2 protein chains.
Amino acid sequence: MSRERGLLVVVSGPAGSGKGTVLPRVMAAGNFRFSVSATTRAPRPGEKEGVNYHYLTREAFEARIAAGEMLEYTTYCNNYYGTPKKEAEAVLETGCNLLLEIEVEGAANVKKAYPDAVLIMLLPPSYAVEEARLRGRGTESEEALLKRLEQARYEVKQAPRYDYIVYNRDGEADRAAADILAIVRAERLRAGRNPDAVTDYFA
Amino acid sequence: MSRERGLLVVVSGPAGSGKGTVLPRVMAAGNFRFSVSATTRAPRPGEKEGVNYHYLTREAFEARIAAGEMLEYTTYCNNYYGTPKKEAEAVLETGCNLLLEIEVEGAANVKKAYPDAVLIMLLPPSYAVEEARLRGRGTESEEALLKRLEQARYEVKQAPRYDYIVYNRDGEADRAAADILAIVRAERLRAGRNPDAVTDYFA
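Note that the coordinates shown come from a computational prediction; the quantities given were computed from them, not determined experimentally. (Residues numbered from 1 in each chain as written. Chains lettered and ligands numbered in written order. Predicted model: local features only at pLDDT ≥ 70, side-chain atom pairs only at ≥ 80, totals over all residues.)

### Notes on the relation of the copies chain B and chain A
- Between the two copies, chain B and chain A, the superposition gives an RMSD of 0.0 Å; the rotation angle is 180° and the shift along the axis is 0.0 Å. Interpreted geometrically, this transformation is the action of a two-fold axis. Minimal C-alpha distance to the rotation axis in chain B is attained by Ala182 of chain B, lying at 2.3 Å.
- Of the residues that chain B buries at the interface, 100% are likewise interface residues in chain A, meaning the two copies contact each other through the same surface. (Least-squares fit on C-alpha atoms with pLDDT ≥ 70 in both. Contact = placed C-beta atoms within 7 Å.)

Given below as structure tokens:
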């Protein structure tokens with residue numbers, strides 16, 4: 001059988017969707033591997049180039065963006081963080097799956113560059129639950145909370161642009177993780193992803 | 001949340017693919033329900049109209065075909081067997097999934113009538129294994145066997161027209177059943193099958 005490429009899986013979810021609870025369970029159970037990200041932030045003590053991150057200057061990072069060498073990137077605390085296409089390819093070529101957790105604009109860009117990518121929107125069961133979860137954290141000012149909820153509403157409305165919608169119901173993070181793992185398992189069986197199936201069969 | 005329709009799942013597989021071993025495991029574990037088929041064969045003792053089958057005369061069956069009321073049908077031992085659309089709809093409306101085991105032409109016709117149907121081709125791991133499985137049965141003349149293998153080769157070549165390809169490896173019927181169940185689980189999460197997702201979310 002010809003070498004199977006891994007699956008590029010993109011998960012987006014508004015604040016309160018529980019990505020931080022669900023995705024580690026997916027990573028632990030599925031055939032996933034991490035790709036080494038690039039960043040402009042300085043290495044912390046003990047971090048190694050090419051292991052924790054590829055450490056780039058701001059100029060080098062922007063040059064890579066301009067050259068189309070970044071699969072996706074974002075800024076956080078005035079630093080760039082991104083996934084070099086080369087690193088993503090390295091993972092997919094091994095046959096392992098790659099999971100990227102990115103917001104809706106980034107996800108749309110990945111789908112443009114990699115139409116084979118599978119886009120999953122992780123959602124709380126309802127907006128009422130989402131609001132309750134965010135308020136329950138109690139770590140933000142009302143103003144910051146309202147802004148975050150507005151952003152979340154915008155993100156949820158992009159769900160129809162995704163391939164799949166998975167709901168993370170209260171206390172059912174395992175079920176949401178199992179949903180995502182079923183999607184990964186099913187997508188790898190798609191006839192369109194196995195163009196050599198018939199040839200291989202008779203080989 | 002709006003009522004979710006069940007999934008129409010069509011499985012085809014050449015002789016030796018192990019449908020008879022795999023599909024009962026799928027039916028037992030997934031949220032499937034049987035639809036009542038129609039037939040022109042006479043009821044056997046104890047069989048009940050509308051329970052085991054809808055018993056039709058040849059003329060009535062052919063009239064239903066002509067009226068486009070049969071989702072699919074086939075002939076076996078000079079009798080018609082088929083799935084009335086009304087019966088299939090009745091199952092799907094309950095939210096349960098419906099599994100039809102039909103050959104490649106019938107599967108293509110179902111997909112035309114129900115573009116939402118999910119088509120799965122179940123295959124032995126290779127043609128060599130397929131031939132070995134059929135020869136292993138030892139119940140056929142060489143001529144009948146060769147004819148069956150020719151038919152199987154034709155069917156396998158239709159695999160690219162299916163949505164998914166699942167391999168039933170020796171001794172791994174449970175794995176093939178789990179593959180099909182993952183496909184069903186994933187397909188029900190498709191954004192395209194949940195057009196009311198965003199509206200429901202904010203309801």
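### A look at the sheet that holds strand β7 (residues 118-123) of chain A
Residue and element names in this part refer to chain A.
- Strand order in the open sheet made by the four strands is β6-β1-β7-β8, with parallel pairing throughout. Two strands bound the open sheet, and with one partner strand each, they are β6 (98-101) and β8 (164-167). Mean inter-strand twist for the sheet, computed between neighbouring axes without regard to direction, equals 25°.
- The pairing of strand β1 (residues 8-12) with β6 spans four bridges and is parallel. The residue bridging Val10 from the neighbouring strand is Leu100, located in β6. (Pairing = 2+ DSSP bridges. Helix = DSSP H or I, 4+ residues; strand = E, 2+ residues; numbered from the N terminus. Axes fitted to C-alpha atoms, helices over the stretch in contact; angles between N-to-C directions.)

### Here we look at the packing of helix α5 (residues 127-137) of chain A against helix α6 (residues 142-156) of chain A
All names here are of chain A.
- Look at α5 against α6: their axes get within 11 Å of each other, and the N-to-C directions meet at 150°. Seen from above, α5 lies across α6 with right-handed handedness. The segment α5 lies against α6, with Glu130, Glu131, Leu134 and Arg135 engaging Leu145, Arg148, Leu149 and Ala152.
- Broken down by class, the residue content of the contact of α5 with α6 amounts to four nonpolar, no polar and four charged. (Left-handed = near helix turned anticlockwise from the far one by under 90°. Nonpolar A, V, L, I, M, F, W, Y, C, P; charged D, E, K, R; others polar.)

### Brief notes about α6 of chain A
Residues and elements named next belong to chain A.
- With 15 residues, α6 should cover 21 Å at 1.5 Å per step; its first-to-last C-alpha distance of 21 Å lies within 8% of that length.
- Inspection of α6 places Ala152, Glu155 and Val156 among the buried residues, and these make up the whole buried set. Along the long axis of α6, the arc covered by the buried residues comes to 90°, so they all point the same way. Across α6 from its buried face, at more than 90 degrees, point the exposed residues Glu143, Leu146, Lys147, Glu150 and Tyr154. (Expected span 1.5 Å × (residues − 1). Buried ≥ 20, exposed ≤ 12 C-beta atoms within 10 Å, placed from the backbone. Arc of directions from axis to C-beta.)

### Points about the pairing of strand β7 (residues 118-123) of chain B
Residues and elements named next belong to chain B.
- When you tally the buried positions in β7, you get six out of six residues, the bulk of the element.
- Every second residue of β7 is oriented toward a common face, with Val118, Ile120 and Leu122 on one face and Leu119, Met121 and Leu123 on the other, all of them buried.
- Of the pairings in the sheet, the one linking strand β1 (residues 8-12) to β7 comprises four bridges and is parallel in character. Looking at β7, one finds that Ser12 is bridged to Met121.
- Of the pairings in the sheet, the one linking β7 to strand β8 (residues 164-167) comprises four bridges and is parallel in character. The partner of Leu123 across the bridge, within β8, is Tyr167.

### Description of the pairing of strand β5 (residues 79-84) of chain A
All names here are of chain A.
- As defined by bridge partners, strand β2 (residues 38-39) adjoins β5 across two bridges and the pair is classed as antiparallel. Pairing of Ala38 across the sheet is with Gly82, part of β5.
- Following strand β4 (residues 70-76), the chain reverses through two residues before pairing antiparallel with β5; Cys77 in that reversal takes a positive phi of roughly 50°.

### Considering the domain arrangement of chain A
Residue and element names in this part refer to chain A.
- On domain assignment, one finds that chain A holds domain 1 (1-33 + 95-203) and domain 2 (35-93).
- At the interface, twelve residues of domain 1 touch nine residues of domain 2.
- Of all the secondary structure elements, the ones that give two or more residues to the side of domain 1 that touches domain 2 are β6 and α4 (104-113).
- Per-element accounting of the side of domain 1 that touches domain 2 gives the leading share, four residues, to α4. (Domains from an automatic or database assignment.)

### Here we look at unusual backbone geometry
- The backbone phi angle of Cys77 of chain A is positive, close to 50°, even though this residue is not glycine.
- Looking at the element boundaries, Cys77 of chain A is found in the loop between β4 and β5.

### Remarks on the interface of chain B and chain A
- Counting residues at the interface gives 25 residues for chain B, matched by 25 residues for chain A.
- Contributions of two or more residues to the side of chain B that touches chain A are made by β8, α7 (173-187) and α8 (197-202) of chain B.
- Examining the composition of the side of chain B that touches chain A, we find that five residues originate from one element, α7 of chain B, more than from any other.
- Grouping the constituent residues of the side of chain B that touches chain A by class yields 18 nonpolar, two polar and five charged.

### A look at the nonpolar core
- Core analysis: the largest hydrophobic core is formed by 96 residues, its most contacted members being Ile120 of chain A together with Ile120 of chain B.
- Aside from chain neighbours lying at most four places away, what touches Ile120 of chain B is Val9, Val10, Val11, Tyr162, Asp163, Tyr164, Val166, Ile180 and Ile183 of chain B. (Core = buried A, V, L, I, M, F, W, Y, C linked by C-beta atoms within 7 Å.)

### Some details on the sheet that holds strand β4 (residues 70-76) of chain B
Residue and element names in this part refer to chain B.
- Taking strand neighbours across the sheet as the criterion, the four strands line up as β3-β2-β5-β4 in an open arrangement whose pairing is mixed. Edge positions in the open sheet fall to β3 (54-55) and β4, since each of these has one partner strand only.
- When β4 meets strand β5 (residues 79-84), the two strands line up antiparallel, connected through six bridges. Looking at the pairing, Tyr73 lines up with Gly82 of β5.
- Each of β2 (38-39), β4 and β5 touches helix α2 (residues 58-66); the most contacted strand, β4, lies at about 140° to it.
- Helix α3 (residues 85-93) contacts β4 and β5 of the sheet and is inclined by roughly 40° relative to β5.

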